[in-house]
Amino acid sequence: LGDDAVYRAQVGNGIIDVSLEAVRLGFPARTRFRGRLKERTDNWWYQATPDLRFHGVPAGRYELQVAASNGFGSWSETRSYALELKPAWVQTRLFWVLVLTALASLGLTMHFVRLKRVTKAALLVQTERERIARDLHDGLAQGFATLGLQLESIEREIGTSNPGALKISVQTKAMLSGWHSGVRQMIWNLRMNQLELPPLDVAITTAIKNALAVTEGHPDRAKIELNTVGTKRAASGLAGHEAPLIIQEAVTNALRHSKAHVVKVRVDASGDVLLAFIEDDGVGMPTNSDAQSLAADGHFGLIGMHERARRAGGQLTVVSDGKTGTRLLVAIPMGDNKDEGP
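Summarised in this report is the structure supplied together with it. (Residues numbered from 1 in each chain as written. Predicted model: local features only at pLDDT ≥ 70, side-chain atom pairs only at ≥ 80, totals over all residues. Heavy atoms only, no water.)

1. Some details on the sheet that holds strand β10 (residues 273-280)
Within a sheet, adjacent strands bond to each other through the backbone by hydrogen bonds, running parallel or antiparallel.
Turning to step 1, where the next piece is worked out: Strand order in this open sheet of five strands is β8-β9-β10-β12-β11, and the pairing throughout is mixed. Only two strands of the sheet have a single neighbouring strand rather than two, namely β8 (223-229) and β11 (315-320). Strand after strand, the sheet turns through a mean of 10 degrees between neighbouring axes, direction not considered.
Turning to step 2, where the next piece is worked out: In this sheet, strand β12 (residues 326-333) lies alongside β10 in antiparallel orientation, the contact comprising eight bridges. What sits directly across from A276, in β12, is V330.
Turning to step 3, where the next piece is worked out: Packed on one face of the sheet, helix α3 (residues 200-214) meets β8, β9 (262-268) and β10 and runs near 170 degrees to β8. (Pairing = 2+ DSSP bridges. Helix = DSSP H or I, 4+ residues; strand = E, 2+ residues; numbered from the N terminus. Axes fitted to C-alpha atoms, helices over the stretch in contact; angles between N-to-C directions. Contact = heavy atoms within 4.5 Å.)

Laid out in structure tokens, this is it:
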């Protein structure tokens, strides 16, 4: 090689072998050699033979320096040669970019496969929920509605001729109405897509619309005033599912039974706890929270509200003196409790 030449090679096992030649006519056996890779070390490597070996040399550019001696202490001029070791394919940046790209593609593929499976499973579950909801609506719910109409016909036939029978019919109709309301809530629960809970303001508005639809045609139906804070967000888990249902049941009860002129609904979801206040100016109601007593009085909706609040890790408080209106306070944590869902 000339002095300006650059010797290029591919990195293999990290070993470089260099063979040297030096002509000396007298005492050739006394010829000595030395060499070094300047970028690796400043120390010379001495050999009695013209073969030099360097171990563990990584990819890079080096200056190979060699010289020969006549064996009597005199060394020739040091010769330098440029040496460039190119990295192996697996050491190149392109290789690692391709490896990382392949790993990322594999990860994305696995993610999408898993997402597809989860989505398919969720779709199957939702389809089955909708089928059950249709069966409930077309069967049990319609049956309750028909029974309610039959009881009204019986009441008209009885009139005032048999007060005892009329009272039993009225109580039975109230119990039937509670059961019918429970079935409607079950249908709504089943049809709700648990994967995509709507923002709270949408869910609450829908709940109030459902309550109005249920009480359509009810005489002297009260006016509803709604005030919300922080409900643009979507509540996670049971808070987003149960709170609107409790509000719907509370408003439905107020519209049906309270004889109120105004029902006020206030919801504050700006903190870690969702707070809902439902207040009416009606005739009030008993506040006994004993399930047996509530059931005996036909307050099945109130039982359901208590159960929903407890299920979501919250609490329902009812305040009423039985004469001047009713106030309900619902407090449910906003934390992610999806695993406790329905």
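This is not the end of the story, as more comes after the structure.
2. A look at the environment of Q248
Turning to step 1, where the next piece is worked out: Residue placement: Q248 occurs in helix α4 (residues 237-257).
Turning to step 2, where the next piece is worked out: Overall, the relative accessible area of 8% leaves Q248 in the buried class.
Turning to step 3, where the next piece is worked out: Between the C-alpha atom of Q248 and that of A211, which follows or precedes it by 37 residues, the distance is 5.6 Å. (Buried < 20%, exposed > 50% of the residue type's maximum accessible area, 1.4 Å probe, protein only.)

3. Describing a nonpolar patch on the surface
Turning to step 1, where the next piece is worked out: Together, W89, V90, L94 and L98 make up a nonpolar patch on the protein surface, roughly 400 Å² of accessible area in all.
Turning to step 2, where the next piece is worked out: Along the chain, the position of L94 falls in helix α1 (residues 93-158). (Patch = residues over 30% accessible without salt bridge, like charges linked within 9 Å, V, L, I, M, F, W, Y side chains within 5 Å. Areas by Shrake-Rupley, 256 points an atom, 1.4 Å probe, with all protein chains shown as cover. Salt bridge = Lys/Arg side-chain N within 4 Å of Asp/Glu carboxyl O.)

4. Let's talk about the pattern of salt bridges
Two side chains that carry opposite charge are able to pair once their charged atoms sit near each other.
Turning to step 1, where the next piece is worked out: For the coordinates displayed, the defined rule picks out seven salt bridges.
Turning to step 2, where the next piece is worked out: With its nearest N and O atoms 3.1 Å apart, the salt bridge here joins E84 to R61. Of this pair, E84 sits in strand β7 (residues 79-86) while R61 sits in strand β6 (residues 60-69); the two residues are 23 residues apart in sequence, bridging distant segments of the chain.
Turning to step 3, where the next piece is worked out: Under the relative-accessibility criterion, R61 is labelled exposed at 54%.
Turning to step 4, where the next piece is worked out: Among the salt bridges present, the one from K232 reaches D201, with a minimum N-O distance of 3.3 Å. Of this pair, K232 sits in the loop between β8 and α4 while D201 sits in helix α3; the two residues are 31 residues apart in sequence, bridging distant segments of the chain.
Turning to step 5, where the next piece is worked out: Judged by its relative accessible area of 70%, K232 is exposed.
Turning to step 6, where the next piece is worked out: The exposure class of D201 is buried, given its relative accessible area of 18%.

5. Describing the packing of aromatic side chains
Turning to step 1, where the next piece is worked out: Following the criterion strictly, the structure yields two aromatic pairs and no others.
Turning to step 2, where the next piece is worked out: Both rings, one in F95 and one in W96, keep their centres 5.3 Å apart while their planes meet at 80 degrees; by these two values the pair is edge-to-face.
Turning to step 3, where the next piece is worked out: Cation over ring: R34 sits above W75, and NZ or CZ is 4.5 Å from the ring centre.
Turning to step 4, where the next piece is worked out: Positioned above the aromatic ring of F277, the side-chain terminus of R266 is 4.7 Å from the ring centre. (Phe/Tyr/Trp six-rings, centres within 6.5 Å; stacked < 30°, edge-to-face > 60°. Lys NZ or Arg CZ within 6 Å of the ring centre and 35° of its normal.)

6. Describing the nonpolar core
Turning to step 1, where the next piece is worked out: Core analysis: the largest hydrophobic core is formed by 34 residues, its most contacted members being I247, L274, I278 and L316.
Turning to step 2, where the next piece is worked out: Counting only elements with at least two residues in this core, the list comes to α3, α4, β9, β10, α6 (300-311), β11 and β12.
Turning to step 3, where the next piece is worked out: At nine residues, the largest contribution of residues to this core is made by α4.
Turning to step 4, where the next piece is worked out: Once you skip the residues sitting within four places of it in the chain, I278 turns out to touch I247, A250, V251, V263, K264, V265, T326, R327 and L328.
Turning to step 5, where the next piece is worked out: Grouped together as the second largest cluster of nonpolar side chains are 16 residues, L20, F33, Y62 and L83 included. (Core = buried A, V, L, I, M, F, W, Y, C linked by side-chain atoms within 4.5 Å.)

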